[in-house]
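# Coordinates in review
Residues per chain are reported as follows:
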Amino acid sequence: VSTSTTPTLKWDPYIPGFKFSFMLEIYIVENFFPKLIWDKQNISSDSTSCKVDMELSESIDEYYWVIWVIDEYGNRLRTKHASFKVE
């Protein structure tokens with residue numbers, strides 16, 4: 001998937017039956033290790049998208065992102081990562 005330098009991340013609605021918020025993270029791989037380059041916390045549970053509020057570089061080969069679901073007790077569930085390129 002290719003996107004602009006300020007992508008909007010989109011996901012399907014999630015309705016688990018308890019109070020929660022989302023956290024989004026974007027990573028790159030640097031020297032074989034993941035490096036967090038952007039995150040957004042406390043996203044409303046009824047959200048299904050979030051615009052990245054920084055410009056991503058076209059010179060990076062690949063980015064990947066994950067969604068965290070965080071309940072009111074701090075328990076976390078993370079999705080599998082999804083990759084994208086900036087063009």
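See above for the structure.
Residues numbered from 1 in each chain as written. Predicted model: local features only at pLDDT ≥ 70, side-chain atom pairs only at ≥ 80, totals over all residues. Heavy atoms only, no water.

The next point concerns a nonpolar patch on the surface. On the surface, Y14, F18 and L77 cluster together into a nonpolar patch covering about 280 Å² of accessible area. Residue position: Y14 is located in the loop between β2 (8-10) and β3 (20-30). (Patch = residues over 30% accessible without salt bridge, like charges linked within 9 Å, V, L, I, M, F, W, Y side chains within 5 Å. Areas by Shrake-Rupley, 256 points an atom, 1.4 Å probe, with all protein chains shown as cover. Salt bridge = Lys/Arg side-chain N within 4 Å of Asp/Glu carboxyl O. Helix = DSSP H or I, 4+ residues; strand = E, 2+ residues; numbered from the N terminus.)

A word on the nonpolar core. Counting 18 residues, the largest nonpolar core has W11, L24, I26 and W65 as the members making the most contacts within it. Counting only elements with at least two residues in this core, the list comes to β3, β4 (33-43), β6 (63-71) and β8 (82-86). No other element matches β3, which puts five residues into this core. With sequence-adjacent residues up to four places away left out, L24 is seen in contact with L9, W11, W38, D39, K40, I43, C50, W65, V66 and I67. (Core = buried A, V, L, I, M, F, W, Y, C linked by side-chain atoms within 4.5 Å. Buried < 20%, exposed > 50% of the residue type's maximum accessible area, 1.4 Å probe, protein only. Contact = heavy atoms within 4.5 Å.)

According to the stated counting rule, one finds six aromatic pairs in the structure shown. Centre to centre, the rings of Y14 and F20 are 5.6 Å apart; their planes meet at 80°, and the pair counts as edge-to-face. Exposure remark for Y14: the relative accessible area of 32% places this residue in the partly exposed category. A relative accessible area of 13% places F20 in the buried class. For the ring pair F20 and F22, a centre distance of 5.1 Å and an interplane angle of 85° mean the geometry is edge-to-face. Grouping residues by exposure puts F20 and F22 together as buried. Aromatic ring contacts, followed pair by pair, group W11, Y14, F18, F20 and F22 into a single cluster. When the ring centre of W68 is taken as origin, the NZ or CZ atom of R76, which lies over that ring, is 5.6 Å away. (Phe/Tyr/Trp six-rings, centres within 6.5 Å; stacked < 30°, edge-to-face > 60°. Lys NZ or Arg CZ within 6 Å of the ring centre and 35° of its normal.)

Further remarks concern the pattern of salt bridges. Under the criterion given, the structure shown has one salt bridge. Note that K35 and E30 form a salt bridge whose closest N and O atoms lie 3.6 Å from each other.

A few words now on the pairing of β6. Counting buried residues along β6, nine of its nine residues qualify, which places the element largely inside the surrounding structure. Along β6, one buried face is formed by Y63, W65, I67, V69 and D71 and the opposite face, lined by Y64, V66, W68 and I70, is buried too. Across eight bridges, β3 lies against β6 in antiparallel orientation. Within β6, the position partnered with F22 by the bridge is V69. In terms of strand pairing, β6 meets β8 through three bridges, oriented antiparallel. By the bridge assignment for β8, Y64 is matched with S83. In this structure, β6 lies alongside strand β7 (residues 76-78), joined through three bridges in antiparallel fashion. Bridging across to β7, V69 finds its partner in L77. (Pairing = 2+ DSSP bridges.)

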